[in-house]
Amino acid sequence: MVYDYCVVGGGIVGLATAMKLLEMQPGARLVVLEKEAGLSRHQTGHNSGVIHAGIYYTPGSLKADLCRRGSKATKEFCWNHRIPFETCGKLLVATNELELQRMNDLVERAKLNQIEVERLDAADLRQREPNIIGVGALFVPETGIVDFKRVCEGMAGVVRKAGATIELGVTVTAISESDSAVKISAGGREWQATKLIVCAGLQSDRLARMAGLKTDHQIVPFRGEYYLLPSSKNDIVRHLIYPIPDPDLPFLGVHLTRMMDGSVTVGPNAVLGFAREGYPKFSFNLHDVAEYSTFPGFWKTMLRNIQHGLKEMKNSIFKAGYLEACRKYCPSLEIGDLLPYEAGIRAQAVMKDGTLVHDFLFLETARMLHVCNAPSPAATSAIPIGEMIAGKIAGREPS
Ligand SMILES: Cc1cc2nc3c(=O)[nH]c(=O)nc-3n(C[C@H](O)[C@H](O)[C@H](O)COP(=O)(O)OP(=O)(O)OC[C@H]3O[C@@H](n4cnc5c(N)ncnc54)[C@H](O)[C@@H]3O)c2cc1C
């Protein structure tokens, strides 16, 4: 049979896209192909579980718009499908004058992004979060938490109910586009689809090249390492606690995150990975490393960010450095409080000139759309992203 749509990737972006395609075209013949034995086994299943409000992003940008709409849509989806979530709010804590200045800039940005924020002084902060110190803080009440794996299960349920198929354990190994269809091969099996959407996260550049697309970028894995606090510290914070981000860096900084099961994690950092899908510390994959180290953009970005990169690497190896970053705002934490927790790995697209891609990156042909960069907060924004992709591939923009 020739499918109307084939979606490669059973992470949140692939599933949201499948769901939106079926919503736009009820009865469409659609198949989702996922290489792992279960859904959301990579970025979507190894993240902080934060439903971001969208305060950080440039006002008027696609990222800001998708995040704001995504936050609302995620909560609605959870509500409708009985998936637990909590709108616990987050505090962005300034620990010095420079951060206070950056915090003031964020207040302006929040206003332009139409996101409600409340400014707290040191005493207000102490009252709200007795274990957190700072010279000031910004409270973002709309920020929430959810287990995005549960969201994916919900989306998969919607996709199957609409008559589509989700095939697990299928690693796509060849893609060829002709005038009439796209042929997708995996092992000895083959699928034909009128249109193909690839949402392959950490493997997205390889699948684009496999499909014959010319790419100017390379995926470089950046590990996001976490620690878990002992259960005796589950009440250490009431909200999510974030540092004020450094505008020159692409990641948000180590934060204290309350998880849906009541536990609290610390992290993630952002350290160069030596394997795209190797989660244990010191994982190494020669093919992955050889590929990015022969890409000119990799060395350019490394040189540009060398100081920060080495610091992150040092703090990844020595817990004491990691602890120091958290103790700036949570001084009662002790080294023994940092218990092991599984890392996540970000699929960071880097361009040939060494630019880190901060926004979505799509590559399109007549019958294919490849999502080549879907950075944080793509889990939060997945539903409107799926709608946008579905609109693009189905030949019309969403209303
Ligand atoms: C450490 C970390 C923390 C984050 N925190 C947050 C957060 O708190 N909030 C937020 O909104 N966002 C967060 N993000 C970002 C968010 O998790 C990702 O942007 C989002 O999950 C991307 O989803 P995806 O579907 O594109 O990719 P993925 O979830 O990686 O899915 C890609 C899928 O494609 C499959 N695939 C790959 N190759 C093939 C192949 N050849 N054949 C078949 N299938 C294939 C993979 O197995 C995988 O399941 C975080 C990310 C990380 C790493």
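These remarks concern the structure in this document.

Reading the values: the criteria
Residues numbered from 1 in each chain as written. Predicted model: local features only at pLDDT ≥ 70, side-chain atom pairs only at ≥ 80, totals over all residues. Heavy atoms only, no water. Core = buried A, V, L, I, M, F, W, Y, C linked by side-chain atoms within 4.5 Å. Buried < 20%, exposed > 50% of the residue type's maximum accessible area, 1.4 Å probe, protein only. Contact = heavy atoms within 4.5 Å. Axes fitted to C-alpha atoms, helices over the stretch in contact; angles between N-to-C directions. Helix = DSSP H or I, 4+ residues; strand = E, 2+ residues; numbered from the N terminus. Parallel < 35°, antiparallel > 145°, perpendicular 65-115°, else oblique. Left-handed = near helix turned anticlockwise from the far one by under 90°. Nonpolar A, V, L, I, M, F, W, Y, C, P; charged D, E, K, R; others polar. Pairing = 2+ DSSP bridges. Phe/Tyr/Trp six-rings, centres within 6.5 Å; stacked < 30°, edge-to-face > 60°. Lys NZ or Arg CZ within 6 Å of the ring centre and 35° of its normal. Near = heavy atom within 4 Å. Polar contact = N/O pair within 3.5 Å; in protein donor to acceptor, adjacent residues only side chain to side chain. Areas by Shrake-Rupley, 256 points an atom, 1.4 Å probe, with all protein chains shown as cover.

1. Concerning the nonpolar core
Item 1. Of all hydrophobic cores here, the largest spans 45 residues; its most connected members are Ile12, Leu21, Leu30, Val151, Met155, Ile197 and Ile389.
Item 2. Non-local contacts of Ile389, meaning those with residues more than four positions away in its chain, are made with Val13, Thr17, Ile197, Phe362, Leu369 and Val371.
Item 3. In this structure, Val182, Ala200, Ile219 and Cys372 belong to the second largest nonpolar core, which totals 30 residues.

2. Details of the packing of helix α1 (residues 12–24) against helix α11 (residues 378–393)
Item 1. One can describe the packing of α1 onto α11 by two numbers: an axis separation of 7 Å at closest approach and a directional angle of 45 degrees. For the element pair α1 / α11, the angle class is oblique. Crossing hand, α1 versus α11: right-handed. On α11, the residues touching Ile12, Val13, Ala16, Thr17, Met19, Lys20, Leu21 and Met24 of α1 are Ala378, Ala379, Ala382, Ile383, Ile385, Gly386, Glu387, Ile389, Ala390, Gly391 and Ile393.

3. Some thoughts on the packing of helix α2 (residues 62–80) against helix α5 (residues 148–161)
Item 1. Interhelical geometry of α2 versus α5 gives an angle of 70 degrees and a closest axis separation of 11 Å. As far as their axial angle goes, α5 and α2 are roughly perpendicular. Here α2 and α5 pass one another in a crossing that is left-handed. Across the interface between the two elements, Thr74, Phe77 and Cys78 from α2 touch Phe148, Val151, Gly154, Met155 and Val158 from α5.
Item 2. Residues belonging to the contact of α2 with α5 are distributed by class as follows: six nonpolar, two polar and no charged.

4. Some details on the sheet that holds strand β18 (residues 271–272)
Item 1. Spatial ordering of the open sheet is given by β18-β13-β20, a layout of three strands whose pairing is antiparallel. Single-partner strands in this sheet number two, and they are β18 and β20 (344–351).
Item 2. Sheet analysis places strand β13 (residues 217–224) next to β18, joined by two bridges and oriented antiparallel. Within the sheet, the bridge partner assigned to Arg223 lies in β18 and is Val271.
Item 3. Helix α8 (residues 296–304) rests against β13, β18 and β20 of the sheet, and its axis sits at about 105 degrees to β20.

5. Things to note about the packing of aromatic side chains
Item 1. Summed over all chains, the structure comprises seven aromatic pairs.
Item 2. Their ring planes at 45 degrees and their centres at 4.6 Å tell us that Tyr292 and Phe298 sit as a pair that is tilted.
Item 3. Take Tyr292: its relative accessible area is 2%, and that puts it in the buried class.
Item 4. Here Phe298 falls in the buried class, since its relative accessible area comes to 3%.
Item 5. The interplanar angle of 75 degrees and the centroid separation of 4.9 Å between the aromatic rings of Phe298 and Trp299 together place this pair among those described as edge-to-face.
Item 6. Given a relative accessible area of 47%, Trp299 falls into the partly exposed group.
Item 7. One aromatic cluster in this structure is built from Tyr292, Phe298 and Trp299.
Item 8. A cation over an aromatic ring shows up here: Lys90 above the ring of Tyr242, its NZ or CZ 4.0 Å from the ring centre.
Item 9. Between Arg128 and the ring centre of Phe139, over which it is positioned, the NZ or CZ distance is 5.1 Å.

6. Some remarks on the pairing of strand β21 (residues 361–364)
Item 1. Pairing geometry for β21 and strand β22 (residues 368–373), over four bridges, is antiparallel. Following the sheet pairing, Leu363 is matched in β22 by His370.
Item 2. Counted along the chain from β21 to the antiparallel partner β22, the turn is three residues long.

7. Observations regarding the site of the ligand
Item 1. The environment of the ligand is formed by 37 residues, the closest being Glu34, Thr44, Val50, Ala374 and Thr380.
Item 2. One of the backbone N or O atoms of Ile12 is found 3.3 Å from an oxygen atom in the ligand.
Item 3. Here an oxygen atom of the ligand sits 2.7 Å away from a polar atom, N or O, in the side chain of Thr380.
Item 4. Contact with the protein chains covers 97% of the free accessible surface of the ligand, which is 1,000 Å².
Item 5. Ranked by residue count, the leading element in the shell around the ligand is α11, at three residues.

8. Some points on the sheet that holds strand β3 (residues 50–51)
Item 1. With respect to topology, three strands assemble into an open sheet ordered β3-β8-β4, the strand pairing being antiparallel. Of all strands in the sheet, those with a lone pairing partner are β3 and β4 (85–86), marking the two edges.
Item 2. Bridge analysis of β3 against strand β8 (residues 144–146) gives two bridges, and the strand direction is antiparallel. Opposite Val50, over in β8, you have Ile145 as the bridge partner.

9. So, unusual backbone geometry
Item 1. In this chain, Gly267 is followed by Pro268 through a cis amide linkage whose omega measures -5 degrees.
Item 2. Checked against the element boundaries, Pro268 lands in the loop between β17 (264–267) and β18.
Item 3. Geometrically, the link from Ser376 to Pro377 is a cis peptide bond, its omega value of 10 degrees lying close to zero.
Item 4. Assignment of secondary structure puts Pro377 in the loop between β22 and α11.
Item 5. Its identity is not glycine, yet Arg82 carries a phi of approximately 55 degrees, on the positive side.

Read these as geometric descriptors, not functional statements.
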